[in-house]
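Residue-level listing of the chains:
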Amino acid sequence: MESLQDFLDRFGPSSQAETEWLRNIFTFITEHLSALKCGPAPPGSPAPPAASGSGTGVCCCCSVLGLSVRVMQRIQEQMCVSHTLPVSYRLLSVSELVSQQHLACVSNLSWSTNQQRAWEKEAELSLPGGGALPRVKLLLIGCLREGRGGDLRLTDGRDSVRCECLSPSPLWLHRPVFLPHWNYIPQNASGQDEAGGCLELIGSPVLLCPGPEQGLAAAAEGAGPPPAVGVREAARLLGNRVRGQRLSVFGQVGSVCPLLVVMETTFFCFTLTDQSESVPVLVKDSRRLFWSQCVCVGQSVCVTELRVCVLRGWRGNNILSVTDRSEIHTNYTPTHTPTEIHTNYTPTHTPTEIHTNYTPTHTHTNYTPTHTHTPAEIHTNYTLTHTQDTSTLVTSWTEDSEGAEPEGDLLQSGAMMKQSKIISYQGTVTEVVSEGAGLYVIDRKVGLCLAYQPPGRRKLRPGDRVELHHVHFLSLASPDFPPRMLCTCLRSSLRVTAFSRVGGSPGPSPRCPGDGVLPRLLLQRNVGVSEYLWACHLSSQLTHSLVPTLLKDQCVCVLSWRLMETLWRRRGQRDIYSEMLEEPHTCPLSQYSVDSAVLQYTTISDVLQCLQADCWSSLSLASLLSPGGSSLTRSQINSALSWSCRTLSSDPRTGDSLRRRPLLLVGLLELPSLTSELKHCLQLRDATGAVGCVATETSPDGGRQRSSFNTAWIGCLVCVLQFTMVTERFLQSDFPSYQHLDQDKFITHKHSRIYLQFSLDHVHILSPSVAMVTHLRQKQEAEEEEETAARKRRRKDSASSVTVTTRPCISVVIRVEQKEGVAWRNMGVGTKEEEAGLRLSFSVRAAVIGPVVSWGRDPKNGPVTQRETTTGTEDKVVLVFSGVSTRWFPVLQPGCLYRLTATDTQDPSVLIGSGVSGRRGVELHTDSTLQVRSDWKFHTLPRPLLPPTCGQDVLSPVLSVSEVLDCSDFSSELVCLQGDVLDRISLRDTSTGSGDTHTGVRLTLCDKTGRSLQVYLDLSHTPYPPGLLPGNTLLLSSFQRRVSRTGSVYCSHLPVSCITVTSLGDNSCVKPPPSPMMHLGQWALNREHRCIVGQVKGHVVCFLFLELQWSCSLCGSLYTECCSSSQCRSTSSVFESKAKVVVDDGTGEAHVWVSGALVRPLLGLADSQWEGLQRVIRVKGHIRAYPRGRSLVCGSDSEDPVLHFLLCLCSSHVVCRPLSLTCRKQTNQTSEGKTLVHTHPEVRRFSRGDRDFVTRLTRPLQLTCLLLNT
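Attention in this report is confined to the structure presented alongside it.

Conventions and cut-offs
Residues numbered from 1 in each chain as written. Predicted model: local features only at pLDDT ≥ 70, side-chain atom pairs only at ≥ 80, totals over all residues. Heavy atoms only, no water. Helix = DSSP H or I, 4+ residues; strand = E, 2+ residues; numbered from the N terminus. Buried < 20%, exposed > 50% of the residue type's maximum accessible area, 1.4 Å probe, protein only. Contact = heavy atoms within 4.5 Å. Areas by Shrake-Rupley, 256 points an atom, 1.4 Å probe, with all protein chains shown as cover. Phe/Tyr/Trp six-rings, centres within 6.5 Å; stacked < 30°, edge-to-face > 60°. Lys NZ or Arg CZ within 6 Å of the ring centre and 35° of its normal. Axes fitted to C-alpha atoms, helices over the stretch in contact; angles between N-to-C directions. Parallel < 35°, antiparallel > 145°, perpendicular 65-115°, else oblique. Left-handed = near helix turned anticlockwise from the far one by under 90°.

**Structural notes on the overall build of the protein**
Step number 1: The secondary structure content of the protein amounts to 24 helices and 61 strands.
Step number 2: Evaluated residue by residue, the protein yields a buried proportion of 52% over its 1270 residues.
Step number 3: Pairs at least 24 apart in sequence give 71% of the contacts found in the protein among residues at least 6 apart.
Step number 4: Carbon and sulfur atoms form 50% of the exposed surface of the protein, whose accessible area is close to 58,500 Å².

Here's what the structure looks like:
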């Protein structure tokens, strides 16, 4: 009590409040600091290094009264006023700070109210959107000690908290200190994830007990370590290793490497340099890891008691290493060294003085280069002064040196390799992109990547002022991040020069998951920064599109990394020792790729929204019409506008695209859902949406493309690298004429369908399904030797295939022989959950390979076992799919083997089809029927694993277009054909009362010979089939072959018909194969009538007929000033033209009909002349001419100048010239399909003077011109 009274008497409180406040100070020190030992560390903890100069215990040698007096003296020195005591402040223990302070705060004893307001205003202006840290009036007293891993901790005998200092000193260790100015960032606050929070010491702590001065006085007196040598001498001694030798080295710190943990050993390296040499120093003593915070680039230090050791794993081998007697002396000034080395050096302590000695000259008289081997790469391109803001450093440096940068190496992918530049930089952190990925933004314009270093003890916060040395500057490293990036490697150093004043700022932008998986992988592998930034950006997007519906959050980064390694070649392992110590410096950041066409990930919902928004906005109705669209009638215009298609490529280098960069999609491949509009194809789904996919894959037997058949793809998480986005537009309109296309009021209804087209060969599996794992393993085994593969199959049969379920099940192996199309059919009485009526259904005719087999767990797509193929005969069964089970339609293909599995049952009768009962004595020739349930599953089996005892495929022959056209066997009207889609026309059925009148489609199929066939589809009772686009190859099963009245062969759709897309073509520019070259004389013969379209090269002999007319676009009547029909009130007209010419190619002649836009080039008129002729004819409405004789002219005045002009034009050499035509042959056939060949020549009468001649002439070949090549 006497000590307390002496303490009160010493400071003389003027009020009861001050007396009580002083009592609390004395009591706090008595309880928390009296038993605290601030000298050598207690047993079991790291002992204080001798380098700190701490000596023996201090606090234990001071009485409580003496320590209390020193505390009060330091408090009074820090106060802004001296006439009163700070009774509003109170001392707080570390345990109370950690347990009770849950909000970030700041404390400053020397602040006045005005100073606090000014500080808060500056904080808010420095980082808009963030509020300043709230002020608390708390005082902290304790002892600073080293923690684990080289950190600094403040302890008061009961608890401790981690501390961060701007410029720490070894003199602070193991001494009682008073903290007048600090920030506290509690646990889970922005920038802090360590338990207990973090204490940021804004100013230097106030030492409460004096300690020995730092220096080498003992060495000067000859009682300590040997005198210090310079870097040049140390480099010489480093090359000549002497066992047991110890030396002290002084120099400037050239680089400070981050703390690393290798084989459970923590260490760091730094280099000492002078003007010509540098030596590395290794620090791995746990009691000296704190040095990593004490040394900074440009600082003059001296390290004693170093030994030369060999660093295994580094080609340089010899390195200086600290010992248990080593000391470090910062701000060291040598006394026995040449003055030219350090005479102009001034130690720097504050962040603002880091570049004060940089000069624009190349002599560097006041600056010792940090890296003596490449000084020109660091500071020769810019100058910093006391007043210059270093935030403009990157901008100015880029403007000066970007043009002089050497050209990079062009890769095969189109990316350019560039060399990074090494600079120093100082700026303010303005945005935390991702703490876990080590990505930040400095000064709102420069990106910062810290991922190539181990994560630091303290996470950066917005508002931190940082100083970077030996940092790599990169330009345009990634299109997803700022164009200018700073990246730190293992030689780079980062130091916080001013802590952030902002608290409660918004969390980091969700651009990358913050679990730190990607940086940990980066430390193990040599990956370029462009690839790493791409993986980070992909991870952030996959977090939104896949988590938590399809993936867990921790799997996203690994998934992105796996995809990145797939797309870019690997560079091997990372050499950390060479990266830190080797000269010249090389690391993964030395080179980087610049590629503006790097893949860009997009979600399915983004694709759908963009395509939907761009579907009609970018559409020009006039562009959908043919070049002669202005002459089309009303019905022709509306029919042409009824369907249109737009295809966009995922890669802008191969066609029109949605973005400027190639796109990629990530999603889960699934069977179509009940709500899916497209039932004929698979769907790709992520957490944002789903889209239908027309997918093909390569057949394992012949290497040709076919529709997707492997059920192992179902459930796989895939990345689609190349795909086509298809938008089909359906428009119901009633435009009167071409001139009304800009008026939307004539559009009655419009809608669109969007889906994707891709080949599974361009799909990368990110996470395979269990069935896909089995499939890939079997595929690998098939490539091995036959005997080895057989042994592995037997072992797997006994162990049962890889499965994920133990539910009992039964299965049967089938081979699909025929598949009907999916349609709405009357299925009779429905189940309890479903009503009777029209239901979506289809059926499959299959051969049963073996008996029903029972399993203890699902065999999935495992190899076919012997017990599954024991039957000698193959039974036929018809599988009926309806309702939910119709989702299997896209993957069931004729000729493929499947294992049909029914779970939760051991009854074989479940998979045995039921026969059809008939009357006694009646023999039925029908197959048994099996209704497929919704929970049954199909698994595709590889054909090479099928035992040879099974029968061969019984499949319908697939015909080509030519074979269908030339088919003379009418015993079977149902055909199966395959061809390329050349053209598609939507047919309007206005007789139905439904809103959608586009239920019919006419496809034009062709083969490699150029011959074409028209196929008519009735989609009124069928879900819309995607992929019916020009350029795609279709397989049409069970279509009816028919012959029209004119003799043309065509095919029509039936309720059992099936449409399958077997190959994907280039839908953007579909060019039909060239038609065969035909001679007119041979074409007219009977044996050549089967060729419908051909090319003809001949000479126009004469015109037989020419008609030019203005017609009403609505009713087709003659139109002059108005429509000639009294019942029509249309005010729009179109110009129509028709002509008939005689063409001779030397082998024969033909009459060729030309109409529409082809008449103008036939007459050889320019566009302006054609328009003038139309204006002249509008007065009369029409004109007809027979150029072979004036006596044959009818319907026009013989003195009409327009008629004379046309007659002269038709007989001129401009018209009668050689031409190349593509024509269609006009045929006449009976209803039975037999061609009417005019074997009897036509009888013709000619007059010559007063004599008449009768002769027989063969009827000329009749052709319709499709294309005119002038």
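**Re the environment of Phe1253**
Step number 1: Take Phe1253: it is sitting in strand E60 (residues 1251-1257).
Step number 2: Setting aside residues up to four positions removed in sequence, Phe1253 forms contacts with Arg1244, Arg1245, Phe1246 and Arg1248.

**Looking at the packing of aromatic side chains**
Step number 1: Taken as a whole and judged by the stated rule, the model has 19 aromatic pairs.
Step number 2: Ring geometry for Phe250 against Tyr332: centres 5.8 Å apart, planes inclined by 50°, an arrangement best described as tilted. Placement of the pair is Phe250 in strand E12 (residues 247-256) and Tyr332 in the loop between strand E18 (328-330) and helix H9 (339-342), with a sequence separation of 82 residues. For the pair Phe250 and Tyr332, a shared accessibility class is recorded, and that class is buried.
Step number 3: On the basis of an interplanar angle of 20° and a centroid distance of 6.4 Å, the ring pair of Phe267 and Tyr577 is categorised as stacked. Remark: Tyr577 occurs in helix H15 (residues 576-581) and Phe267 occurs in strand E14 (residues 265-273); sequence separation between them is 310 residues.
Step number 4: Every member of this aromatic cluster is reached through a ring pair, and the members are Phe842, Phe881, Trp888, Phe889 and Phe938.
Step number 5: Over the face of the ring belonging to Phe709 we find Arg706, whose NZ or CZ atom lies 4.9 Å from the ring centre.
Step number 6: A cation over an aromatic ring shows up here: Arg1178 above the ring of Trp1110, its NZ or CZ 3.7 Å from the ring centre.

**Structural notes on the packing of helix H12 (residues 517-524) against helix H13 (residues 529-546)**
Step number 1: At a closest axis distance of 11 Å, the pairing of H12 and H13 adopts a crossing angle of 160°. In terms of orientation, H12 and H13 fall into the roughly antiparallel class. Between H12 and H13 lies a crossing of right-handed hand. The residues of H13 that touch H12, namely those facing Leu518, Pro519 and Leu522, are Tyr532, Ala535, Cys536 and Ser539.

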